[in-house]
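Structural overview
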Amino acid sequence: MNRRRAFILSAAASVVALIFLVGPILAAEGAEQNPVETPIGEVFQWLNFFIVFGGLAYLIAKKAPAFFSARAAVVSAAITEAAAAKAEAERLLGEAEESLARLDLEVAKLRTAAEAEAADEAERLRRATGEEIERIGRAARAEMEAAERAAGMELRAAGARLAVERAEALLRKQIVADTQAALFRNFVENLPGSAP
């Protein structure tokens, strides 16, 4: 590669030197004519074209394979990535379609499970309600029995009180002052004998 580059550079330097040497000679020969329009000018134009074209061809030949191979690698990687993404998307789509196909079955299973749970919960609530009603009934019966006992005791107390009041009123009517004095004397006489 270095020999080739050195050859091209030396050829280009030779052409440039030739142009600088031949240019003044041609200018002196025919001052009226434009050097570009002469046959030698056309040769130099073509020579210039081939040098520029050769340089461009050399640069393209040197840089293009690396550029195109790098670009091909990038495109190949992108294609591989896209193929992997497409395969993943197709797999996910297949799973989604299977899930949709099984969705009706899952909904039916969930519905039957929910109905069974609701029935179990209703039965549990019925049992709990029955137990609560029974407990409240027992408590009410106990309260009623307690109230009955309290009312009976109160009634007996009221009856006893009324009986004592009636007896007292009756005794007051029947006991007169003489009877009271006799009872008191009898009590006082019995006092010394009752002491131990």
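Residues numbered from 1 in each chain as written. Predicted model: local features only at pLDDT ≥ 70, side-chain atom pairs only at ≥ 80, totals over all residues. Heavy atoms only, no water.

This part is about the overall build of the chain. Across its full length, the chain carries 3 helices and 0 strands. Listing each helix as α and each strand as β along the chain from the N terminus yields α-α-α. Per-residue burial over the chain gives 4% buried out of 196 residues. Of the accessible surface of the chain, which amounts to about 16900 Å², a share of 66% is contributed by carbon and sulfur atoms. (Helix = DSSP H or I, 4+ residues; strand = E, 2+ residues; numbered from the N terminus. Buried < 20%, exposed > 50% of the residue type's maximum accessible area, 1.4 Å probe, protein only. Areas by Shrake-Rupley, 256 points an atom, 1.4 Å probe, with all protein chains shown as cover.)

It is worth spelling out the packing of aromatic side chains at this point. All chains considered together, the criterion is met by 5 aromatic pairs. Each residue in the set W46, F49, F50 and F53 is aromatic and connected to the rest through ring pairs, giving one cluster. (Phe/Tyr/Trp six-rings, centres within 6.5 Å; stacked < 30°, edge-to-face > 60°.)

With that out of the way, let us pick up a nonpolar patch on the surface. A grouping of W46, F49, F50 and F53 is seen on the molecular surface, where their side chains present a nonpolar patch of about 490 Å² in accessible area. Examined against the element boundaries, F53 turns out to sit in helix α2 (residues 39-174). (Patch = residues over 30% accessible without salt bridge, like charges linked within 9 Å, V, L, I, M, F, W, Y side chains within 5 Å. Salt bridge = Lys/Arg side-chain N within 4 Å of Asp/Glu carboxyl O.)

Another aspect to go through is α2. In the structure, α2 departs most strongly from a straight axis at R102, where the bend amounts to approximately 40°. For α2, every residue scored as buried is listed here: G41, F44, Y58, A64 and G152. (Bend = angle between axes of the 7 residues up to and from the residue.)

Attention now goes to the pattern of salt bridges. Summed over all chains, the structure comprises 8 salt bridges. With a closest N to O distance of 3.9 Å, K86 and E90 form a salt bridge. Here E90 and K86 lie together in helix α2, a separation of 4 residues that amounts to about one turn. Taking relative accessible area as the criterion, K86 reaches 54% and is therefore assigned exposed. Since its relative accessible area comes to 47%, E90 is described here as partly exposed. Two residues, E123 and R126, come together in a salt bridge whose shortest N-O distance is 3.4 Å.

Let us now look at the confidence of the model for the chain. When pLDDT is low, close inspection of the predicted coordinates is not appropriate. In this model, the chain carries a mean pLDDT of 80, and residues with pLDDT of at least 70 account for 86%. Mean pLDDT across the elements of the chain bottoms out in helix α1 (residues 2-29) (68) and peaks in α2 (85). (pLDDT = per-residue confidence, 0-100.)

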